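Per-entry structural report
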Amino acid sequence: MGPLFSLRENYYPGDIGFGSGFKPTDAKDFANLQTKELQNGRLAMLAAAGMCAQEQINGVGILENLGISL
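The structure reproduced in this document is the subject of the present report. (Residues numbered from 1 in each chain as written. Predicted model: local features only at pLDDT ≥ 70, side-chain atom pairs only at ≥ 80, totals over all residues. Heavy atoms only, no water.)

A few words on the overall build of the chain. Along the backbone of the chain there are 2 helices and 0 strands. For 70 residues, the compact-globule estimate of 2.2 N^0.38 gives 11 Å, and the chain exceeds it by more than 25% at 19 Å. Seen along its three principal axes, the alpha-carbon backbone of the chain occupies a region of about 50 × 35 × 20 Å. By the burial criterion, 4% of the 70 residues in the chain qualify as buried. A total accessible area of about 6500 Å² is found for the chain, and carbon and sulfur atoms account for 61% of it. Positive and negative charge centroids in the chain, built from 5 and 7 side chains respectively, lie 8 Å apart. (Helix = DSSP H or I, 4+ residues; strand = E, 2+ residues; numbered from the N terminus. Rg over C-alpha atoms; globule rule 2.2 N^0.38 Å. Buried < 20%, exposed > 50% of the residue type's maximum accessible area, 1.4 Å probe, protein only. Areas by Shrake-Rupley, 256 points an atom, 1.4 Å probe, with all protein chains shown as cover. Lys, Arg positive; Asp, Glu negative; His and termini not counted. Charge placed at Lys NZ, Arg CZ, Asp CG, Glu CD.)

Right, dumping it as structure tokens:
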């Protein structure tokens with residue numbers, strides 16, 4: 001796939017170099033932060049799936065269910 005889609009040698013999942021002031025220096029704290037991020041992402045996916053299911057069941061758009069009209 002070429003160099004655009006290949007991983008760098010120093011790449012570590014979850015450590016993209018953003019927000020270096022927030023990144024814990026301790027490995028245990030970093031693993032704990034990774035777990036929290038995974039759990040928040042999973043919760044967000046569940047919420048999105050719930051909104052999609054609600055739209056399929058009642059036939060009303062997601063924004064309309066929230067009272068937002070475009």
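Once the structure has been displayed, the description carries forward.
Let us now look at a nonpolar patch on the surface. Side chains of L63, L66, I68 and L70 sit close together on the surface and give an oily, nonpolar patch of about 460 Å² of accessible area. Looking at the element boundaries, L63 is found in helix α2 (residues 62–65). The class for L63 is partly exposed, based on a relative accessible area of 38%. (Patch = residues over 30% accessible without salt bridge, like charges linked within 9 Å, V, L, I, M, F, W, Y side chains within 5 Å. Salt bridge = Lys/Arg side-chain N within 4 Å of Asp/Glu carboxyl O.)

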